[in-house]
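Residue-level structural notes
For reference, the chains in residue letters:
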Amino acid sequence: MARVEDYDKIISYHEMVAIEKMPLQRGMVFSDGRRKYSILLMSQRKDAVYNDEFDSNGHLIYEGHDVRAEQGIDPKTVDQPLETPAGTWTENGKFYKAAMNFKSGLRREAELVKVYEKIDVGVWSIKGFFQLIDVKRVSDGKRNVFKFHLRPVLRRVFNRVEEMPFNRLIPSGVKVKVWERDRGRCVRCGATENLHYDHDLPYAKGGTSLTEKNIRLLCAKCNLAKSDRIMVFVYYF
Ligand SMILES: [Zn+2]
């Protein structure tokens, strides 16, 4: 399982695929038995194809996916499908079934879902782990779409004592803003590899995740230099 610190890492699309050992271009992957969790890719960028959002409880409302584009058909005018033309479940369908089964009590545990968020073209970050607890089929004005309801998971679900404080997570909007402000480079040395979101004032010392003023891009090398300082501090005092 990913550690919370991994949530601040910035990875390329190829690294994301390597971590999950599978192609992810469709953005929704239901767990297949070998994997203990499902995967959803989300975006809150202005150019996002789907309308993913967080409600006031910090729950992710994830929009289902459209029919595949075919000649002469605008996928945005067609109901999002539960089944493929061949009669098998689409990923919408698999997530839908899991959410309904959880709601009705047919399955005791909600489906565990790992969510990645898009920061820029080819640039991604872990949003976190969620439980799929509900789904609704709603009209967007033109056709019916799915709205999957996902609740963030606390650390104790993975047999750890510590709960993950919700405000430790850096909101998607802050991640995108910091990426644009720092132009995809380490603010200390300008490196473009091995980047992550760094808290200027560490979270453990009361620093916030919720404003871009306390978050910056740092490469692994510069971060190590920073943590060496903290190590010395811990050692001698
Ligand atoms: Zn650096």
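Residues numbered from 1 in each chain as written. Predicted model: local features only at pLDDT ≥ 70, side-chain atom pairs only at ≥ 80, totals over all residues.

This paragraph deals with the nonpolar core. Nonpolar side chains tend to gather and get buried jointly when the protein is soluble and globular. By size, the foremost hydrophobic cluster in this structure holds 42 residues, and its most contacted members are Leu40, Phe95 and Phe148. No other element matches the six residues that strand β7 (residues 123-139) contributes to this core. Structurally, this core is a two-domain feature, drawing no fewer than three residues from each of domain 1 (4-164) and domain 2 (170-237). (Core = buried A, V, L, I, M, F, W, Y, C linked by C-beta atoms within 7 Å. Buried ≥ 20, exposed ≤ 12 C-beta atoms within 10 Å, placed from the backbone. Helix = DSSP H or I, 4+ residues; strand = E, 2+ residues; numbered from the N terminus. Domains from an automatic or database assignment.)

Turning our attention to unusual backbone geometry. One non-glycine residue with positive phi stands out, namely Lys21, at about 55 degrees. Relative to the assigned elements, Lys21 resides in the loop between α1 (13-20) and β2 (28-29). Its 8 C-beta neighbours within 10 Å are what place Lys21 among the exposed residues. With phi around 55 degrees, Arg183 is a residue other than glycine that occupies positive phi space. Residue placement: Arg183 occurs in the loop between α3 (172-181) and β9 (195-199). Given 10 C-beta atoms within a 10 Å radius, Arg183 is considered exposed.

Attention shifts here to the confidence of the model for the protein. For the protein, per-residue confidence averages 87 on the pLDDT scale, and residues scoring 70 or more make up 89% of the total. Note that residues 230-237 has pLDDT below 50 and, in this model, zero contacts with residues that lie over four places away or in other chains. (pLDDT = per-residue confidence, 0-100. Contact = placed C-beta atoms within 7 Å.)

Moving on, we come to the environment of Ala191. Along the chain, the position of Ala191 falls in the loop between α3 and β9. Judged by C-beta crowding, with 16 C-beta atoms within 10 Å, Ala191 ranks as partly exposed. A C-alpha to C-alpha distance of 9.3 Å links Ala191 and Lys221, two positions 30 residues apart in sequence.

Relative to the helices and strands, Lys114 resides in strand β6 (residues 111-120). The class of Lys114 is buried, set by 23 C-beta atoms lying within 10 Å. Sequence-distant contacts of Lys114, defined by excluding residues within four places in its chain, comprise Tyr37, Ile39 and Phe129.

The element strand β3 (residues 38-42) is extensively covered by neighbouring structure, given that five of its five residues are classed as buried. Neither face of β3 is open: one carries Ser38, Leu40 and Met42, the other Ile39 and Leu41, and all of them are buried. Taken together, the five bridges between β3 and β6 define a ladder with parallel strand orientation. Looking across to β6, one finds that Ile39 is bridged to Lys114. (Pairing = 2+ DSSP bridges.)

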